[in-house]
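Residues per chain, in single letters:
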Amino acid sequence: MASFDWDLTFLNNLPNAVLREIFRYLPVEDRKTASLICRHWEQEAFSVELLADVRLCLSHHTLNNSAKTLFVLCNSWRKYRNVVFRLAPFGMCSYFQYTFIVQLLDMFGQIEEFTLRKDCSAELLKEFLNRMPRLKRLTVCLKAPQECSIERLEFPVMHKLREMDISIREDTTLKNQQFDMLRVAPNVQRLRLYFSDPIEHVRAMEMLKAYANQLKMLDLSVLYAWLPIDELQLEKLEILKLQEGSRELEVHRLHRLLERLRELKAVHLGFKISQSTLEVISSSCPKLNTLDIRSDYLEVGALKHLNNMPNLQIFMVNRLHETFLEVSEPVIVGIKELRLLVGSTALSHHAYAYKLVKVFPHVSGIWLSKLRFRIVSANSNRK
């Protein structure tokens, strides 16, 4: 009987590159489980190249035991590239918090994505950015200084940034000479802006007009009644997200904007829309792949406009009342993925899911809140 060399078949005898390729296909939670097997697997499952989609999230509770946190991270193999700080929401970043953040940034050195959920001045932001020469994406809550400064701060790393997420409490923050976005970040292509004050945002509008011809993604959380978005020339825009703006009197601004966005591939509208808005989207955005809307004001029969979007595959909606799913409702043929937020009653109501399948017969995945149905065909058994 021939002897069998067990060592040749042992998993750890695989080249490291092959082992990393296996881990690449695992979700993060499964990689965490695999990393507990041995030190070698822990190193490979969270090697530098596999940390791009992993976030290290630190809250203000972590700072209560900052010495222990720093000790654990210093003795870890993981050199995180994506760091999120969710600190206490009120007030400016304190000196203690600043020191903790600086120590972590100095420890990792290869940060590509940085998120700070805490009011931060331009001076502090400059100190952080100087420690992240490889930064690709920035998310920060920027606050204007109490005293107006004429000093022009330089942010070399921001000249390379293509994606920024900026939360601003008031328009005067952008007027501050210390942080002139058009000067410090001229090449932004993906921009998120959040304004907390319902006032006229003059400087913000000037900035958006300057960025307009290069933006591919725009995410605005602001009452668009205070922001004349219909004046923006966004011919290259592929993704549009509007999180506020339910004023009926200003819906014409939204329509005029949508009518010019021929390159759009995804639309996310975080407010209630009517059938007229859905009709404008269907007639103006031929390349649309993803649509996310709030259906509360939609009339029965409005879903027929979805059939006028030949490339639409993902439909996300807060809810679809059963009246939308009656036999008289047109069959939607193109959508492959459906995401709904529904109440607990619908989750246990199999008839509701069956009606969804009748209206959306080609859907391969349906998400009802956190419950997922996998569907093969309209007449097949659901698992």
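Per-chain numbering applies: the sequence of each chain, read as written, is numbered from 1 onward. The predicted nature of this model means local features are confined to residues of pLDDT at least 70 and side-chain atom pairs, given and counted, to a pLDDT of 80 or more, with totals for whole chains, interfaces and linings taken over all residues. Water and hydrogen atoms were dropped before computing side-chain values, which therefore reflect all heavy atoms in the structure.

Draft legend 1. Looking closely at the side chain of Arg81. Mapped onto the elements, Arg81 comes out in the loop between α5 (66-74) and β2 (82-86). Whether two residues are in contact is decided by their heavy atoms, any of which lying within 4.5 Å being enough. Look past the residues within four positions of Arg81 in its chain and what remains in contact with it is Val48, Glu49, Leu51, Ala52, Gln110, Ile111, Glu112 and Glu113. Only DSSP runs of H or I reaching four residues or more are called helices, and only runs of E reaching two or more are called strands; each is numbered from the N terminus.

Draft legend 2. Focus on the packing of aromatic side chains. Side-chain rings of Phe, Tyr and Trp (the six-membered ring for Trp) are treated as a pair once their centres are within 6.5 Å; stacked means planes under 30 degrees apart, edge-to-face means over 60, and tilted covers the remaining angles. Under the defined criterion, the tally for this structure stands at 7 aromatic pairs. Look at Tyr80 and Phe108: their rings are 5.7 Å apart centre to centre, the planes differ by 75 degrees, and that puts the pair in the edge-to-face class. On the criterion of sequence distance, the pair formed by Tyr80 in the loop between α5 and β2 and Phe108 in helix α6 (residues 95-108) is long-range, its members being 28 residues apart. Each member of the aromatic cluster is reached from another via a ring pair, and the members are Phe85, Tyr95, Tyr98, Phe114 and Phe128. Cation over ring: Arg78 sits above Phe46, and NZ or CZ is 3.8 Å from the ring centre. To sit over a ring, a charge needs its Lys NZ or Arg CZ within 6 Å of the ring centre and within 35 degrees of the ring normal.

Draft legend 3. Expanded view of the pattern of salt bridges. What counts as a salt bridge is simple: a side-chain nitrogen of Lys or Arg found within 4 Å of a carboxyl oxygen of Asp or Glu. Summed over all chains, the structure comprises 21 salt bridges. When the shortest N-O distance is used, the salt bridge between Glu42 and Arg78 registers 2.9 Å. Of the two residues, Glu42 sits in helix α3 (residues 39-45) while Arg78 sits in the loop between α5 and β2, which places them 36 residues apart along the sequence. Comparing Glu42 with Arg78 shows no difference in burial state: the two are buried. Its salt-bridge partner being Asp180, residue Arg203 comes within 2.9 Å of it at the nearest N-O pair. Taken together, the residues span a long stretch of sequence, with Arg203 in helix α10 (residues 202-211) and Asp180 in the loop between α8 (172-175) and α9 (181-184) at a distance of 23 residues. For the residue pair Arg203 and Asp180, the accessibility class agrees, reading buried in each case. Each of the salt bridges in this network shares a partner with another, and the network as a whole consists of Arg137, Glu163, Arg190, Arg192 and Asp219. To sort residues, take the accessible area from a 1.4 Å probe on protein chains only and compare it with the maximum for the residue type: under 20% means buried, over 50% means exposed, and anything in between is partly exposed.

Draft legend 4. Structural context of helix α1 (residues 16-24). Taken together, the buried positions of α1 are Leu19, Arg20 and Phe23. Seen from one end, α1 has its buried residues packed into an arc of 100 degrees, which puts them on one side. Contact partners of the buried residues in α1: α2 (28-34) and α3. Picture the helix axis, draw a direction to every C-beta atom, and the arc is the one those directions span.

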